[in-house]
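Examination of the molecular architecture
Each chain, written out:
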Amino acid sequence: MIWIIIICIIVYYLYVKSKSKPIYNVPSGLRFTVSTMAPYSTILNQLQNIVGSVVIRFPGQDILVSVQIRKLNNVNCRVGFGISLEWSNFAGSNISFGNEFSVNDGSARFETNLATGFTTVEEVKKEIARQFKWHDIILSDEKFTVLNYGDYTNTQLISYSFKARYEKY
């Protein structure tokens, strides 16, 4: 009798655990493009979607990500983005990027000087933290860097780098 109860508990536990997993339908081919003329928050949202899709495509692999935003003047800011695969490449995984990217096997780089919306360093940091946050993707080696002194007094630079990983259970 005790064995039947134990088996029922195990089956129930496995059933509940299987229902709590996020379900992702990753298409066979992915193509990414990003606006080069938009508010930096819109560009960050597009970049966040790229990171999320790539991380899901490569479960168990660390994806290295770097984001930089630099104020250029009162209107424009530069948004730079880099994503690298640790031991895979994009072409072999049927992932392609638009002309606004420079791609080299396992890494892709995006940069625009036409972004807008940079207000303060603190607001930009909050937006970066808000955009690059997932409930099911693990982030590690997170590093925020702010340069707002010397040559960067009027053209502040915020840099955020991290490793992202999706564990498929």
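What you see is a predicted model, and the numbers here were worked out from it, not measured in a lab.

Digging into the nonpolar core
L47, V51, V54, I69, F81, I83 and F132 are the most contacted members of the largest nonpolar core, which totals 42 residues. Elements that contribute at least two residues to this core include exactly β1 (30–32), α2 (40–57), β2 (63–71), β3 (76–85), β4 (95–97), β6 (107–116), α3 (121–131) and β8 (157–165). Ranked by residues supplied to this core, first place goes to α2 with 9 residues.

Brief notes about the environment of N148
Structurally, N148 is set in the loop between β7 (138–147) and β8. Separated by 27 residues in sequence, N148 and V121 place their C-alpha atoms 8.4 Å apart.

Observations concerning unusual backbone geometry
Of note in the backbone geometry, D105 takes a positive phi value of approximately 45° without being a glycine. Note on D105: relative accessible area 53%, which makes it exposed. A positive phi angle, close to 50°, is found at D141, a residue other than glycine. Its place among the elements puts D141 in strand β7. A relative accessible area of 53% means that D141 is categorised as exposed.

The rules behind each value
- Residues numbered from 1 in each chain as written.
- Predicted model: local features only at pLDDT ≥ 70, side-chain atom pairs only at ≥ 80, totals over all residues.
- Heavy atoms only, no water.
- Core = buried A, V, L, I, M, F, W, Y, C linked by side-chain atoms within 4.5 Å.
- Buried < 20%, exposed > 50% of the residue type's maximum accessible area, 1.4 Å probe, protein only.
- Helix = DSSP H or I, 4+ residues; strand = E, 2+ residues; numbered from the N terminus.

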